[in-house]
Amino acid sequence: MAKNLLIVESPAKAKTIEKYLGEDFTVKSSMGHIRDLDKGNKAIDKENGFKPKYIVSPEKTKVVKDLKDAVKNVEEVWLATDEDREGEAISWHLCKVLGLDEHTTKRIVFREITKPAILKAIQSPRKLDLNLVNAQQARRILDRLVGFELSEILWKKVKGKLSAGRVQSVAVKIIVERERDIMKFQAQPFFKVSAIFNVQNEQNKVVALKAELATRFEEQADAADFLNKCNGAAFNIEKIEVKPIKRKPTAPFTTSTLQQEASRKLGFSVNRTMQNAQRLYEQGHITYMRTDSVNLSETALQGIALEIETKYGSEYVHTRKFKTKKENAQEAHEAIRPTNISVQQVTSDRDQQRLYELIWKRTIASQMAEARLEKTIVDIGISNIPDTFLKAEGEVLKFDGFLKVYLAGKDDDDEEEAKGMLPPLKVGQTLDLNEMTALERFTRPPSRYTEASLVKKLEELGIGRPSTYAPTISKIMESNRGYVSKVLRDGVERTYKILKLKNGQVETTTDTEVTGAIKNRLVPSDLGMLVSDFLSEHFSDIMTYSFTAEIEKNFDNIAAGGQQWNDMIDEFYQPFHANVEETLEHADRATGERILGKDPETGRTLLVRMSRFGPLVQIGTTEELGDEKPRYANLRPGQSLETIEFEEALELFKLPKSLGDYQGHEVIIGVGRYGPYVKYDGAFISIGRGTDPLEVTKEQAIELIEEKKKADAPVGTYKGLPITKGKGRFGPFLKWNEMFINIPRRFDPETITQDEMFELIAAKIEKEANRYIHKWDDLKISVENGRWGPFIRFGKKSIKIPKIDGQRVTSEQAKDYSLEDVKKIIEEEIPDAFVKKTRKVAKKK
């Protein structure tokens with residue numbers, strides 16, 4: 001039996017490490033965090049130094065039991081979670097739950113999962129760094145306090161079921177501000193002049209020499225005037241300048257630069273990059289992937305130099321030591337690099353291998369010689385326009401250096417046109433003009449963020465740390481939040497002018513191009529913009545970039561032992577909470593209302609606003625209508641509360657509209673609270689939120705109707721009632737007697753048999769029969785049996801039943817609860833649950 005138990009946080013990591021340790025060690029995984037803050041507002045004791053209340057996650061109960069059993073059977077326990085604040089916190093929670101002494105338990109750290117690194121760590125264990133634990137704890141507690149209280153405000157002042165977060169809200173603000181910059185932007189035309197000259201090369205073949213005018217013309221007349229002046233002019237080479245230039249390689253990857261480059265070169269999302277990097281790390285292929293350091297160890301530098309010399313030659317070796325520019329790089333990690341630079345193929349998994357190759361190339365290139373180029377700049381004089389020159393530029397690669405392996409990518413707006421080699425030229429040479437063109441171009445708005453460029457911006461502003469970038473971006477893009485989405489949008493056609501001087505004539509023609517197309521760009525929704533504006537108005541500190549960055553520095557200070565974590569939270573929380581109370585009391589409800597004009601048909605106000613079901617257009621205000629209901633219309637895909645115009649809004653009231661009859665029933669197209677639909681024979685058939693209902697044809701509607709008929713056709717009967725199949729948001733299901741039964745993955749919905757359907761229906765009937773312990777339908781209250789024991793359902797909320805003497809309440813005990821007992825438990829969780837609320841009328845702007 002092993003004498004030592006070593007605990008890590010992931011099974012893959014445990015499997016890799018176990019290969020390197022002898023029989024004296026058993027390696028087990030905690031499967032991540034084993035406990036977290038309790039749910040609800042009782043998780044943090046604000047009156048007693050923000051003392052947190054942690055609970056073991058229900059899904060980790062078995063993991064904890066197994067670990068406790070393992071601890072009893074060994075002489076010593078070692079903790080080997082990741083070497084960052086999150087990893088340190090996992091080790092601390094393990095100490096607390098497993099009854100280990102946090103001051104004496106051995107803690108080992110390593111930056112790569114290789115045999116030498118693991119054995120070296122075993123030889124030099126340390127103790128838990130409680131400063132790192134406190135920094136993580138401060139972040140977790142502060143984020144819970146801010147998220148909990150801001151979300152409550154949003155529920156009451158904007159829309160139900162919304163949420164906010166300290167860092168996520170700032171990230172949304174960055175995207176919203178960029179979108180507003182784009183909305184305000186007015187493209188300005190200008191004319192760019194270029195010329196093509198016919199020149200003979202060394203083989204006496206005529207080749208094209210392209211030259212450009214540095215000056216842009218704002219007006220078409222000025223561009224035309226320039227071309228007319230050039231008509232009949234002589235073009236002579238006035239000056240040739242040749243100068244050497246060098247290109248240096250970029251530093252090896254940090255978390256941020258890896259996410260950016262994987263997005264540019266591989267098309268990976270931030271989350272996809274981190275998932276694959278995590279797997280490569282756990283299998284021992286790369287160093288730790290959450291780092292803001294560009295440093296490489298001496299051993300790594302020696303190995304890289306040897307690999308470069310072996311593969312490419314000694315002239316390609318140039319050892320460099322990069323320095324991290326950030327003042328407070330979190331923990332002294334290395335840059336992300338391969339653990340064995342001589343290995344290029346590490347896995348058959350395509351995503352992991354592609355990411356590994358990217359890391360390998362970047363690491364190798366960082367230690368290679370500079371690329372040497374020769375740049376030639378030619379000034380071409382125009383006889384009719386003194387002191388004005390066309391410029392031709394070319395580059396010749398003299399020594400490829402690091403470019404042999406790798407060239408760092410750029411965001412698409414920064415891409416430069418590659419410059420080729422120029423033909424032989426000499427000063428005084430007269431050039432033969434083939435054609436000169438003045439091409440109309442347009443100024444471009446700022447680019448919308450991609451996931452990768454947003455990471456870059458967060459890093460520049462000092463918001464978040466390597467471990468928080470991916471979760472932050474994933475959070476703001478969650479569909480249930482509805483703040484930001486990754487958008488693919490077709491562009492629109494635009495006409496541009498071409499002025500061309502050729503054969504002594506200046507002619508003007510037009511052509512078209514597509515502009516405004518976007519792919520995988522982050523676009524805020526109307527709701528995201530409204531929430532961001534509301535928070536910026538009432539919580540300006542939290543939404544200020546410098547303030548959020550300052551909080552990160554405070555966490556760094558706690559990690560370094562320079563500040564008590566609860567003092568830092570108290571300093572933040574007291575003014576924040578006072579602001580919350582003030583906002584709840586006095587802030588108006590945010591609707592984003594914008595009046596567009598008067599409806600020509602009724603004379604009533606036409607306006608747009610945010611409703612509980614999303615953005616809409618409305619005809620008629622409360623004052624104008626009295627008891628009459630307003631008319632509503634949903635916005636079409638791509639439309640926004642902030643930019644929709646009067647005529648566009650009126651167009652939306654063409655719905656619902658009739659498409660004619662089909663088999664004796666009218667086919668109607670419309671938009672409801674769940675999106676666009678086809679109504680036929682009393683049934684509503686969803687056509688998907690991404691579809692423009694005004695573009696749906698009768699043929700498309702009939703196709704949907706026939707699909708619905710096929711889907712609703714009974715596939716059997718059970719106890720004399722029909723069984724139908726369908727597919728909903730949670731997957732395939734059976735419907736029987738108004739009851740929905742999920743089809744588990746072990747069954748194929750297409751080939752499920754009658755007996756299998758009967759089995760699922762019978763199980764559902766039995767489950768429903770045992771579901772309710774108490775039920776008060778008129779009050780929307782019930783006590784139900786759940787996976788982890790009885791719980792209370794109040795409306796759509798699930799409420800835990802408090803433990804008795806540390807034990808969960810059983811179904812038998814719950815049967816004895818009266819309605820008053822249940823109400824008391826609900827009121828402890830939701831104090832004003834049974835207080836009659838008076839509806840406030842929102843003030844009109």
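For clarity, every value in this text was computed on a predicted model and none was experimentally measured.

A.B. asks: Looking at this model, I keep getting lost on the overall build of the protein chain. Mind explaining?
C.D. replies: Tallying secondary structure elements over the protein chain gives 22 helices and 34 strands in all. Along the longest, intermediate and shortest principal axes, the C-alpha atoms of the protein chain span 105 × 85 × 60 Å. Looking at the 845 residues of the protein chain, the share that counts as buried comes to 45%. For the protein chain, long-range pairs separated by at least 24 residues make up 67% of all intrachain contacts whose partners lie at least 6 apart in sequence. Roughly 45,300 Å² of accessible area belongs to the protein chain as shown, and the carbon and sulfur atoms make up 47% of that amount. Put simply, the protein chain has 135 plus and 131 minus side-chain charges, and the middle of one group is 2 Å from the middle of the other.

A.B. asks: What am I meant to see in the nonpolar core here?
C.D. replies: If you look at soluble globular proteins, the nonpolar side chains tend to sit buried side by side. Ranked by internal contacts, the top residues of the largest apolar core, which has 146 residues, are Leu6, Phe110, Leu355 and Ile569. In terms of residue count, the dominant contributor to this core is helix α5 (residues 130–157) (eleven residues). Those residues in contact with Ile569 that sit more than four places away from it in its chain are Phe50, Ala138, Ile141, Leu142 and Leu145. With 28 residues, the next largest nonpolar core counts Ala195, Leu390, Met436 and Leu499 among its residues.

A.B. asks: Explain the side chain of Lys60 here, please?
C.D. replies: With respect to the helices and strands, Lys60 occurs in the loop between β6 (54–56) and α2 (61–72). No salt bridge is formed by the buried Lys60. Its closest oppositely charged neighbour is Glu59, at 5.6 Å.

A.B. asks: Can you help me understand the pattern of salt bridges in this one?
C.D. replies: Side-chain pairs of opposite charge can arise where the charged atoms are in close proximity. Within this structure, the stated rule accounts for 53 salt bridges. Here Lys391 makes a salt bridge to Asp379, at a shortest N to O gap of 2.8 Å. With Lys391 in strand β13 (residues 385–399) and Asp379 in strand β12 (residues 371–382), this pair connects stretches of sequence that are twelve residues apart. What makes Asp379 buried here is its relative accessible area of 11%. Through salt bridges with shared partners, one network takes in Lys764, Glu768, Arg771, Glu784 and Arg793.

A.B. asks: Explanation requested: the packing of aromatic side chains in the structure shown.
C.D. replies: A ring pair, where both rings are aromatic, is described by two values, the distance of the centres and the angle of the planes. Under the defined criterion, the tally for this structure stands at 18 aromatic pairs. Geometrically, the ring pair formed by Tyr573 and Phe576 is tilted, given 6.3 Å between the ring centres and 55° between the ring planes. Taken as a pair, Tyr573 and Phe576 lie in helix α16 (residues 565–586) at a separation of three residues, close to a single helical turn. Overall, the relative accessible area of 4% leaves Tyr573 in the buried class. Given a relative accessible area of 5%, Phe576 falls into the buried group. Among the aromatic residues, those joined into a cluster by ring pairs are Phe50, Phe539, Phe547, Phe572, Tyr573 and Phe576. The side chain of Arg216 reaches across the aromatic face of Phe190, ending 4.1 Å from its centre. One residue, Lys823, lies across the ring of Phe834, its end atom 5.1 Å from the ring centre.

Calculation criteria
Residues numbered from 1 in each chain as written. Predicted model: local features only at pLDDT ≥ 70, side-chain atom pairs only at ≥ 80, totals over all residues. Heavy atoms only, no water. Helix = DSSP H or I, 4+ residues; strand = E, 2+ residues; numbered from the N terminus. Buried < 20%, exposed > 50% of the residue type's maximum accessible area, 1.4 Å probe, protein only. Contact = heavy atoms within 4.5 Å. Areas by Shrake-Rupley, 256 points an atom, 1.4 Å probe, with all protein chains shown as cover. Lys, Arg positive; Asp, Glu negative; His and termini not counted. Charge placed at Lys NZ, Arg CZ, Asp CG, Glu CD. Core = buried A, V, L, I, M, F, W, Y, C linked by side-chain atoms within 4.5 Å. Salt bridge = Lys/Arg side-chain N within 4 Å of Asp/Glu carboxyl O. Phe/Tyr/Trp six-rings, centres within 6.5 Å; stacked < 30°, edge-to-face > 60°. Lys NZ or Arg CZ within 6 Å of the ring centre and 35° of its normal.

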